[in-house]
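Read off the chains here:
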Amino acid sequence: MQQIPDEDVTRALIVSGHLVDAPGRNPPRFPQAQVGAVTAAMSAAFDTWHVGPGTTVICGGARGADIIGAEQALLRGASVRLCLALPPEGFARRSVDLEGTDWRERFERLCRRARVAVLPGDPGRGDEVFARTNEWMVRLARALDPEPRAVVVWDGRPGDGAGGTSDLVRLLGHNPGPGRLHVIDPRPQEISRSPWE
């Protein structure tokens, strides 16, 4: 087995991105049919950045990018911290469940294997809780590495509300590029190529 120099191992990695689309989303942003392609792209990014036993992956636990990234991290022996915006049952109803899919089962498996924490304080109303969760994840990652890396599943556009992927990228302050930020565009016509590569 090839020994990876310590300086090449990613110490802190945030994974975030769009939810897999609910039925009827128009235009589609992250269709369920793209999960396999996004998983392959995520795996390749993790390989490039030597994600493994020396890495802590921080994510929010939602269906799509978060769950895919956490599963890929666990496969490589990395530590996973799920930072839930709401208590698990309420979070799953809002950000995981999708009828006819296995996202809930995958989420529950991750909760048994990862270090799980719920955003402290009153969740408030609306999407502000997700913006606060983004801030929390960035703080946790920067405590491990002043310049954490991030893999985001994102179409490059502003989100539907506060706390979306564009908000997280803004908080990180990274310019798109291979050094600290890897963007996977989940739209079917974009998955095979990324303008950030």
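Rules and cut-offs
Residues numbered from 1 in each chain as written. Predicted model: local features only at pLDDT ≥ 70, side-chain atom pairs only at ≥ 80, totals over all residues. Heavy atoms only, no water. Helix = DSSP H or I, 4+ residues; strand = E, 2+ residues; numbered from the N terminus. Expected span 1.5 Å × (residues − 1). Contact = heavy atoms within 4.5 Å. Buried < 20%, exposed > 50% of the residue type's maximum accessible area, 1.4 Å probe, protein only. pLDDT = per-residue confidence, 0-100.

1. Quick notes on helix H1 (residues 35-48)
Consideration 1: Given a rise of 1.5 Å per residue, 14 residues ought to cover 20 Å, and the 20 Å separating the end C-alpha atoms of H1 matches this to within 8%.
Consideration 2: Contacts from the buried residues of H1 go to strand S1 (12-17), helix H2 (65-75), helix H4 (103-113), strand S5 (149-153) and strand S6 (181-184).
Consideration 3: Where H1 ends, the next residue or the one after it, His50, has phi of about 50 degrees, a positive value.

2. Some details on the environment of Asp122
Consideration 1: By secondary structure assignment, the location of Asp122 is in the loop between strand S4 (115-118) and helix H5 (128-144).
Consideration 2: For Asp122, a relative accessible area of 62% corresponds to the exposed category.
Consideration 3: Remark: the alpha-carbon pair of Asp122 and Leu86, spanning 36 residues in sequence, is separated by 9.4 Å.

3. So, H2
Consideration 1: The buried fraction of H2 amounts to nine of the eleven residues, a majority that puts the element mostly inside the structure.
Consideration 2: Taken residue by residue, H2 has Ala65, Asp66, Ile67, Ile68, Gly69, Ala70, Gln72, Ala73 and Leu74 as its buried positions.
Consideration 3: Considering only its buried residues, H2 is in contact with S1, H1, strand S2 (56-59), strand S3 (79-84), H4 and S5.
Consideration 4: Immediately beyond the C-terminal end of H2, within one or two residues, lies Gly77, with a positive phi of roughly 80 degrees.

4. Let's talk about the confidence of the model for the protein
Consideration 1: Averaged over every residue, the pLDDT of the protein is 88; residues scoring 70 or more account for 86%.
Consideration 2: Scored below 50 in pLDDT, residues 192-197 shows seven contacts in the model against residues more than four places distant or in partner chains.

5. Regarding unusual backbone geometry
Consideration 1: With omega at 0 degrees, the peptide bond leading from Asn26 into Pro27 counts as cis.
Consideration 2: Tracing the chain through its elements places Pro27 in the loop between S1 and H1.
Consideration 3: Despite not being glycine, His50 has its phi angle at roughly 50 degrees, a positive value.
Consideration 4: By the secondary structure assignment, His50 is in the loop between H1 and S2.

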